[in-house]
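Observations on the model geometry
The lines below spell out each chain.
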Amino acid sequence: VIYEARNYGKNGRSFWVLTTLSPILDEHGEIEKIVTIDSDISDRKKAEKQLVKAKRKAERLAKINEQFLANMSHEIRPPMNAILGMAQLLAKTKLDDTQQKYLRSIEFASDNLLNIINDVLDLSKLEAGEVVYDAVPFEVEEVLGAAVEMFRAKCDDKGLELKLQLDNDLPKVLVGDSTKLNQVVLNLMSNAIKFTEAGSVCIKAGFIKDDGESWLSIDVADTGIGIPENKQEAVFASFQQAENDTTRKFGGTGLGLTIVKKICEGLGGSISLSSAKGKGSTFSVRLPFQSFEAPTKEEKQTPKSDPKKVLKGKKCLLVEDNELNQMVASEFLKSAGVQVSLAKDGLEAVNMASAEVFDYILMDIQMPNLDGYGAAKRLRKTGLATPIIAMTAHAFNGEREKCLKAGMNDYLTKPVKQDVLLSKLSELTDDRH
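Right, let's walk through the structure included here. Note that residues are indexed from 1 along each chain, following the sequence as it is written. A pLDDT threshold of at least 70 governs which residues receive local features in this predicted model, and a stricter bar of 80 or more applies before side-chain atom pairs are shown or counted, although totals over entire chains, interfaces and linings include all residues. Just so you know, side-chain values use all the structure's heavy atoms and leave hydrogens and water out.

**So, unusual backbone geometry**
- Cis geometry marks the peptide bond from K414 to P415; its omega dihedral reads 0°.
- Counting from the N terminus, the helices are DSSP H or I runs at least four residues long and the strands are E runs at least two residues long. Tracing the chain through its elements places P415 in the loop between β16 (410-413) and α13 (418-427).
- Of note, N369 is a non-glycine position whose phi angle comes to about 70°, a positive value.
- Mapped onto the elements of the fold, N369 is located in the loop between β14 (360-363) and α11 (372-381).
- Since its relative accessible area comes to 67%, N369 is described here as exposed. For every residue, the accessible area obtained with a 1.4 Å probe (protein chains only) is divided by the maximum for its type, and the residue is called buried under 20%, exposed over 50%, and partly exposed between those limits.

So, in structure tokens, the structure goes:
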């Protein structure tokens, strides 16, 4: 028998004892005596108590961190939605060259700020293990080609040669998470272009088979400033860059490579670096993607409908409590000929949707009186079948599922782009023409 008990000394101080009782049997198998061994385990109990306390503190801090990031996302995304939305609307008006220059500066600064927000949120999700990795067929050249074209103009502005090289043995279609691959490549390309003032940036893709396993290999090489050998490990750490003045000179959060490393490891792959100061850098990614024989695509595909033709004359209930975001979304919709009605909170939305027929409902989530989840649930309980799309500043994993569970049909994260919004509504329209 083994048990623990708290005992008290003559001085009244308590201590913990581990007691072990061992029976001693006689020749007939009867208990002759019992040997008792007491061990002072006060230090162990103290350490256990400290561990429990530390665990609770860590869980509490993690919860606080999660709540802070959720609040930050919600507070920053609505004004960012308004800024980027107004910029999109302004770009469609008649502007002179100077005004267009100012507008491009606004869009560039806004995109940079949004990238910083996304980096912080991405890192939080990756560290919390909340990221789900997909394994679906995708065309490699299509994904890499699109990523390269995103940076074509920036390279042209800097006078850099941008090259994409695909090995002959690279399969046309692979199975893996193309979204995460895209995120990895975009981060690496962004870094390469940022730190390269002259020369080239080259993306090379190949396919490696080793001991029955297959790997997609991606090398992103530049002729930029390079990284000293004693600083190379640091660039993968959060909020770190190779030199102290790098952030001041080039900008950025220092999170891009941290995110890339965590994604690669989450996919079961790896990333390595070969570099020397002043001689450029090459980041090599290896991901365990499989080859896939894609089915033959039909030569003739049904052309997608023009959203503006589909949406003209439709009625939409816009549920949004922020006046600037009301203005942006309303103008987006009206440009496609959609008739817009406004509701400032979930309660007003329920009343309006119960009294009038709408083709769509665009639903903000965090609102006074009744939030978007509650409004959607109430509307579905009445039997309303109108498509409801969430337009929310919440950008954490599980948010889409939460919206769908509340009865919504789909989910958009702010800032919302006009073409994305109109396409989403068009997809939900029954009577296309």
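There is more to say, and it comes next.
**Some thoughts on the nonpolar core**
- Buried Ala, Val, Leu, Ile, Met, Phe, Trp, Tyr and Cys residues that are joined via side-chain atoms within 4.5 Å together make up what is termed a nonpolar core. Formed by 45 residues in total, the largest nonpolar core has its most connected members in L181, L188 and I218.
- A contact between two residues is defined here by any heavy atoms of the two lying within 4.5 Å. When near neighbours in sequence (up to four residues on either side) are disregarded, I218 contacts L144, L181, V185, I203, K204, A205, F283, S284, V285 and R286.
- In this structure, A343, I365, M367 and Y411 belong to the second largest nonpolar core, which totals 22 residues.

**Some points on helix α9 (residues 323-334)**
- The span one expects for a helix is its residue count, reduced by one, times 1.5 Å. The terminal C-alpha atoms of α9 lie 16 Å apart, and with 12 residues this matches the ideal 16 Å at 1.5 Å per residue to within 8%.
- Taken as a whole, α9 has its buried residues at N325, Q326, V328, A329, S330, F332 and L333.
- Distance and chemistry together define a polar contact, namely a pair of N or O atoms within 3.5 Å, with one atom able to donate a hydrogen and the other to accept it when in protein, and with adjacent residues in sequence counting only for side-chain atoms on both sides. One side-chain oxygen at the N-terminal end of α9 lies 3.0 Å from the backbone nitrogen of L324; it belongs to N322.

**Topic: the sheet that holds strand β4 (residues 136-139)**
- Strands qualify as paired when DSSP identifies two bridges or more between them. Spatially, the 3 strands line up as an open sheet ordered β4-β6-β11, and their pairing is antiparallel. The two strands at the open ends of the sheet, each matched to only one other strand, are β4 and β11 (290-291).
- Strand direction decides the pairing type here: β4 and strand β6 (residues 173-176), joined by 4 bridges, are antiparallel. Looking across to β6, one finds that V136 is bridged to G176.
- Axis geometry follows a simple rule: fit a line to the C-alpha atoms, using only the stretch in contact for helices, then measure angles between N-to-C directions, giving values from 0 to 180 degrees. Most of the contacts of helix α3 (residues 140-150) go to β4, to which it runs at about 60°, and overall it touches β4 and β6.

**Looking at the pairing of strand β3 (residues 31-40)**
- Little of β3 sits inside the fold, with 0 of its 10 residues counted as buried.
- As defined by bridge partners, strand β2 (residues 14-25) adjoins β3 across 9 bridges and the pair is classed as antiparallel. Counterpart to L21 in the pairing with β3 is T36.
- Joining the antiparallel neighbours β2 and β3 is a turn of 5 residues, in which G29 adopts a positive phi near 85°.

**A few points about the pattern of salt bridges**
- Salt bridge, as applied in this entry: a Lys or Arg side-chain nitrogen positioned within 4 Å of an Asp or Glu carboxyl oxygen. The final tally for this structure, using the stated rule, is 15 salt bridges.
- With a shortest N-O distance of 2.6 Å, K55 and E59 are connected by a salt bridge. Remark: E59 and K55 occur in helix α1 (residues 42-91); sequence separation between them is 4 residues, near one turn of the helix.
- On the accessibility criterion, E59 (44% relative accessible area) is partly exposed.
- A network of salt bridges, in which partner residues are shared, links E4, R44, K45 and E48.

**Re the packing of aromatic side chains**
- Stacked, tilted and edge-to-face are the three classes applied to pairs of Phe, Tyr and Trp rings, where Trp contributes its six-membered ring and a pair requires centres within 6.5 Å; stacked means planes under 30 degrees apart, edge-to-face means over 60, and tilted covers the rest. Taken as a whole, this structure holds 1 aromatic pair when the rule is applied.
- Measuring from ring centre to ring centre gives 5.8 Å for F138 and F289, while their planes differ by 85°; the resulting arrangement is edge-to-face. With F138 in strand β4 and F289 in the loop between β10 (281-287) and β11, this pair connects stretches of sequence that are 151 residues apart.
- Among the residues examined, F138 registers a relative accessible area of 7% and is labelled buried.
- We call a charge positioned above a ring when the Lys NZ or Arg CZ atom is no farther than 6 Å from the ring centre and deviates by at most 35 degrees from the ring normal. The aromatic ring of W16 is capped on one face by K45, whose charged end is 4.5 Å from the ring centroid.
- Its guanidinium or amino end placed over the ring of F358, K315 lies 5.8 Å from that ring's centre, counting from NZ or CZ.

**Things to note about a positive patch on the surface**
- Surface patches are defined over residues having more than 30% relative accessible area and no salt bridge, joining like charges when they lie within 9 Å and nonpolar side chains (Val, Leu, Ile, Met, Phe, Trp, Tyr) when within 5 Å. To be clear on the numbers: accessible area is Shrake-Rupley with a 1.4 Å probe, and residue cover counts the displayed protein chains and nothing else. We score Asp and Glu as negative and Lys and Arg as positive, and we do not count His or the chain ends. Lysine's charge is taken at NZ, arginine's at CZ, aspartate's at CG and glutamate's at CD. Side chains of R6, K49, K53, K57 and R60 sit close together on the surface and give a patch of like positive charge.
- Of all the elements, α1 adds the most residues to the positive patch, at 4 residues.
- Of note, K49 is situated in helix α1.
- Taking the relative accessible area as the measure of exposure, K49 reaches 65% and is therefore exposed.

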